[in-house]
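For reference, the chains in residue letters:
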Amino acid sequence: MERRPNLDDLTNIEIIDRYRLDRDGIDYVENILSRQITPKAYRNHAISARHKLLITLRYLATGPIQLNDCDIHGVSQPTVSRVLGEMLNVFHKTTRSRVEKAIGQLKRRFGVLHTEITLSPEKACKVVIACAALHNLCKARGIPFADNQDDDNGNNNNGDPRPQDQMPGLRYRDYFAATYFHI
């Protein structure tokens, strides 16, 4: 059974109208999440990673009426519900790790974020926003971390790799969790 819709039949404007991302944006998100959302086997008409993503994006873009998503994507309401549960868990897990990584990068670049900011909450928010904006500027312009800071790969700027004793353990933890706990 061929599932709908086929993005090749839609213009980029129509794709944005339906899914709030353009074709390249959908490809980008699918690439990031594909390892986590691709069916292990294609038995019993398994839903592809692309189709799961489109169902989820359509639901998020248009609201909580799952029957509309069923009709558009050629699946049942329980399937839409199951896909949404899976995808929202994947989005939370992926987003959380990216947010944690970004916070770590901000803290490495700006020492003020290592300790308590003893300003009013409004000014403290402005400090964090300024650090984030400056960090994005540094990344966009290719400005490396200072000599006493690590880059995104755990290396200092002198090119000396720092010990990554925790990395094999973290990879095994992620593998174990993904294999035995369908989170």
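Residues numbered from 1 in each chain as written. Predicted model: local features only at pLDDT ≥ 70, side-chain atom pairs only at ≥ 80, totals over all residues. Heavy atoms only, no water.

*Asks:* Even after reading the chapter, I still don't get the confidence of the model for the protein, so can you show me in this structure?
*Replies:* Close reading of the predicted structure is inappropriate where its pLDDT is low. The share of residues in the protein with pLDDT of 70 or more is 77%, and the mean pLDDT across the chain is 80. Under a pLDDT of 50 for its full length, residues 155–164 has, in the predicted model, 18 contacts with residues more than four places off or in other chains. (pLDDT = per-residue confidence, 0-100. Contact = heavy atoms within 4.5 Å.)

*Asks:* What is the right way to read the nonpolar core from this model?
*Replies:* The nonpolar side chains of a soluble globular protein tend to be buried with one another. By size, the foremost hydrophobic cluster in this structure holds 22 residues, and its most contacted members are Leu7, Tyr19 and Ile26. Breaking this core down by element, the ones donating at least two residues are helix 1 (12–19), helix 2 (23–37), helix 3 (49–62) and helix 5 (77–109). In terms of residues, this core owes the most to one element, helix 3, which gives 6 residues. Discounting chain neighbours no more than four positions away, the residues touching Ile26 are Leu7, Ile15, Tyr19, Leu21, Arg50, Leu53, Leu54 and Leu57. (Core = buried A, V, L, I, M, F, W, Y, C linked by side-chain atoms within 4.5 Å. Buried < 20%, exposed > 50% of the residue type's maximum accessible area, 1.4 Å probe, protein only. Helix = DSSP H or I, 4+ residues; strand = E, 2+ residues; numbered from the N terminus.)

*Asks:* Teacher, can you tell me more about unusual backbone geometry here?
*Replies:* When glycine is set aside, most residues are seen to have a negative phi, and most peptide bonds are trans. Its identity as a non-glycine residue notwithstanding, Arg20 has a phi of 70°, on the positive side. With respect to the element layout, Arg20 can be found in the loop between helix 1 and helix 2.

*Asks:* Sorry, what's going on with the packing of helix 2 against helix 3 here?
*Replies:* Between two packed helices, the angle of one axis relative to the other and the distance separating the axes together describe the packing. Between helix 2 and helix 3, the shortest axis-to-axis distance is 9 Å and the interhelical angle comes to 120°. You can see that helix 2 and helix 3 cross each other, and the crossing is right-handed. Where helix 2 abuts helix 3, its residues Ile26, Asp27, Val29, Glu30 and Ile37 lie against Ala49, Arg50, Lys52, Leu53, Leu54 and Leu57. Across the contact of helix 2 with helix 3, the residue classes tally to 7 nonpolar, no polar and 4 charged. (Axes fitted to C-alpha atoms, helices over the stretch in contact; angles between N-to-C directions. Left-handed = near helix turned anticlockwise from the far one by under 90°. Nonpolar A, V, L, I, M, F, W, Y, C, P; charged D, E, K, R; others polar.)

*Asks:* Can you help me understand helix 6 (residues 121–141) in this one?
*Replies:* Along an α-helix, residues three or four positions apart point the same way, because every turn accommodates 3.6 residues. Its 21 residues place the ends of helix 6 30 Å apart at the C-alpha level, agreeing with the 30 Å of an ideal helix rising 1.5 Å per residue. Taken together, the buried positions of helix 6 are Ala124, Cys131, His135 and Cys138. Seen end-on, helix 6 carries its buried residues on one side only, within an arc spanning 60°. Of the residues in helix 6, the exposed ones pointing more than 90 degrees away from the buried face are Glu122, Lys123, Lys126, Ile129, Ala140 and Arg141. Phi turns positive one or two residues past the end of helix 6, at Gly142, with a value near 70°. (Expected span 1.5 Å × (residues − 1). Arc of directions from axis to C-beta.)

*Asks:* Please explain the packing of helix 4 (residues 66–73) against helix 5 as it appears in this structure.
*Replies:* Running from N to C, helix 4 and helix 5 cross one another at 105°; their axes reach a closest spacing of 8 Å. Taken together, helix 4 and helix 5 sit at an angle that is classed as roughly perpendicular. In this structure, helix 4 uses Gln66, Leu67, Asp69 and Cys70 to contact helix 5, whose residues at the interface are Gln77, Val80, Ser81 and Leu84. (Parallel < 35°, antiparallel > 145°, perpendicular 65-115°, else oblique.)

*Asks:* When you look at the environment of Val127 in this model, what are you seeing that I'm missing?
*Replies:* Considering the arrangement of structural elements, one finds Val127 in helix 6. A sequence separation of 10 residues divides Val127 from Ile117, and the C-alpha atoms of the two residues are 8.6 Å apart. In this structure, Val127 is in contact with Val112, Ile117 and Leu119, ignoring residues within four places of it in sequence.

*Asks:* I would appreciate a short explanation of the pattern of salt bridges in the present structure.
*Replies:* Pairs can form between side chains of opposite charge once their charged atoms are near each other. One pass over the full model with this rule turns up 5 salt bridges. One salt bridge connects Asp8 with Arg23, and the closest N-O pair in it is separated by 3.8 Å. One end of the pair, Asp8, is in the segment before helix 1; the other, Arg23, is in helix 2, with 15 residues separating them in the sequence. What makes Asp8 exposed here is its relative accessible area of 64%. Where Lys52 meets Glu86, a salt bridge forms, and the shortest distance between an N and an O atom there is 3.1 Å. Of this pair, Lys52 sits in helix 3 while Glu86 sits in helix 5, and the two are 34 residues apart along the sequence. You can call Lys52 buried: its relative accessible area is 9%. (Salt bridge = Lys/Arg side-chain N within 4 Å of Asp/Glu carboxyl O.)

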